[in-house]
Amino acid sequence: MALLPDSVVGLLRRAAREPFAVQTARATVAATLSYVVATWLSSEPAPLTAPLTALLVVQVTVYSTLTTSIRRVNSVVVGVLIAIGFSAVVGLSWWSLGLIILASLVIGRFVRVDEFVQEVAISAMLILGVTKLASQAWDRVLETLIGASVGLLFNLVFAPPVWVDTAGESIEDLARRARHLLLDLAEQLGRPTAVADAAERLHEARRLDQAIADVDAALRQAEDSLRFNPRISEGLLSRLVLRTGLDTLEICVVVIRVISRSLTDLAKRRGPGEPLVAPDLAVAMEELLAHVGGALVSFAVLVTTQVSRNAEEAEERLAAELTAAWASRENVARLLLEQVRADPESWHLLGSLLTEVDRILDELDLEHRSRRLMEELDRASVAGRERFSRLGRLRRWLRGERPVLARVRRRRGKASAGARS
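Residues numbered from 1 in each chain as written. Predicted model: local features only at pLDDT ≥ 70, side-chain atom pairs only at ≥ 80, totals over all residues. Heavy atoms only, no water.

Peer 1: Explain the overall build of the chain here, please?
Peer 2: Of regular secondary structure, the chain possesses 15 helices and zero strands. Within the chain, buried positions represent 41% of all 421 residues. Sequence-distant contacts, at least 24 apart, represent 78% of the contacts inside the chain between residues at least 6 apart. A total accessible area of about 23200 Å² is found for the chain, and carbon and sulfur atoms account for 60% of it. (Helix = DSSP H or I, 4+ residues; strand = E, 2+ residues; numbered from the N terminus. Buried < 20%, exposed > 50% of the residue type's maximum accessible area, 1.4 Å probe, protein only. Contact = heavy atoms within 4.5 Å. Areas by Shrake-Rupley, 256 points an atom, 1.4 Å probe, with all protein chains shown as cover.)

So this is what it looks like as structure tokens:
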């Protein structure tokens, strides 16, 4: 590394953190290992199904690897069974091929293989076209199991990276973009603003709203990387902290879009050379929106901070920003009342500005945040207990144990029959 230029070193480091670079290396190694194992265990001269399965199975996270392995094996087994069933009745011809493809695609929709529906038809076609049906069918299933097992074990032994930092960076970037937009909106309050300029801010707010989908995708990847990961001990709490944080920011972004729309409508009411609001109100609103923007960034840093000390510092900064914002809000409320008296026709637009700011501050409130997080933890705990309860009932049923309620009802039935006799 010392012999490489700094720009090349930086590029390599960024590439090492990218999901594409990491996934490419992991998939290549896993596919090669599965081929080596398949050559030892399979009778096929070129068992390419194993590396193909490993290539599809090894995803970015352990959770997605496990779920993909199950769906992949399920699709191959179903396709092989369909081919065996058809071969016992008809041979290979153009109409039987079409029929088996149709049957495989239809059945694949009902066996929960999701994106591997086509794999059911592919497996059925490949097995139907061979001469040694039983041997080929077994080899294909064996190779699929080898590829899926190697891919899953590869991710368990070499645990994939946790994408929490990437999701956290996306959340913080979203908050900083929202703060930047609030500052731009504040700058146009005290000066004449053309409708086109105000509309451009509205379009930026809408683009910011659309960017939530990208952040949500990064967060889903981070949530999957926390599931079943041996390096993570508190995955549920981390997932809920990030998810509830993004939900709060999403609400704030929607409110900012409403503020942008109100300012655009206000610009349409103003004449050429007329500012949107009075100069003193513009100064107070600029201060208020600056504190709101700072609170958004502090909130994003708080929900993405993993170290307790840094979390305390982020919480203190957020509390300070919220306190300053509420103080500025009271000043803005007084000045807005004077503005409404001078311009009663715009009272609904001016009043909406203060209402929307109140909504953002309420969403960022620390008590509201703690209450929401506790509700989500309780909901997850209840769901976990219900899931384990169902698994317990299933285990008892498999062991042949009858439910207590059924035994009580049966005893009551016998007692009633004896009393009648």
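That covers the picture; the talk isn't over yet.
Peer 1: Would you mind going over the pattern of salt bridges with me for this structure?
Peer 2: Opposite charge on two side chains permits them to pair, given that their charged atoms come into close proximity. If you walk through the whole model with that rule in mind, you get ten salt bridges. Glu 172 is the salt-bridge partner of Arg 176, the closest N and O atoms lying 3.4 Å from each other. Linking Arg 176 with Glu 172, this pair stays in helix H8 (residues 164-187), spanning four residues, or about one helical turn. Using a relative accessible area of 43% as the deciding quantity, one classes Arg 176 as partly exposed. One salt bridge in this structure joins Arg 243 and Asp 216, with 2.6 Å as the shortest N-O distance. Of this pair, Arg 243 sits in helix H10 (residues 235-269) while Asp 216 sits in helix H9 (residues 195-226), placing them 27 residues apart in sequence. Asp 216 sits in the buried class, given a relative accessible area of 18%. (Salt bridge = Lys/Arg side-chain N within 4 Å of Asp/Glu carboxyl O.)

Peer 1: Explain the nonpolar core here, please?
Peer 2: Nonpolar side chains in soluble globular proteins tend to end up buried together. Counting residues in each nonpolar core, the largest one holds 62 residues, and the members touching the most others are Leu 296 and Ile 360. For this core, the secondary-structure elements that each account for two or more residues are H8, H9, H10, helix H11 (279-304), helix H12 (308-342) and helix H13 (347-364). (Core = buried A, V, L, I, M, F, W, Y, C linked by side-chain atoms within 4.5 Å.)

Peer 1: Help me understand a nonpolar patch on the surface in this model?
Peer 2: A cluster of nonpolar side chains, Trp 94, Trp 95, Leu 99, Leu 102, Val 106 and Phe 110, forms an exposed patch at the surface whose accessible area comes to about 760 Å². Within the fold, Trp 94 resides in helix H5 (residues 94-108). (Patch = residues over 30% accessible without salt bridge, like charges linked within 9 Å, V, L, I, M, F, W, Y side chains within 5 Å.)

Peer 1: What is the right way to read the side chain of Ser 34 from this model?
Peer 2: Turning to its location among the elements, Ser 34 is positioned in helix H2 (residues 19-41). By relative accessible area, Ser 34 is classed as buried at 0%. Separated by 2.7 Å, the side chain of Ser 34 and the backbone oxygen of Ala 31 make a polar contact. In contact with Ser 34, not counting residues within four places along its chain, are Ala 50, Pro 51, Ala 54, Ile 146, Gly 147 and Val 150. (Polar contact = N/O pair within 3.5 Å; in protein donor to acceptor, adjacent residues only side chain to side chain.)

Nothing here speaks to function; it is geometry throughout.
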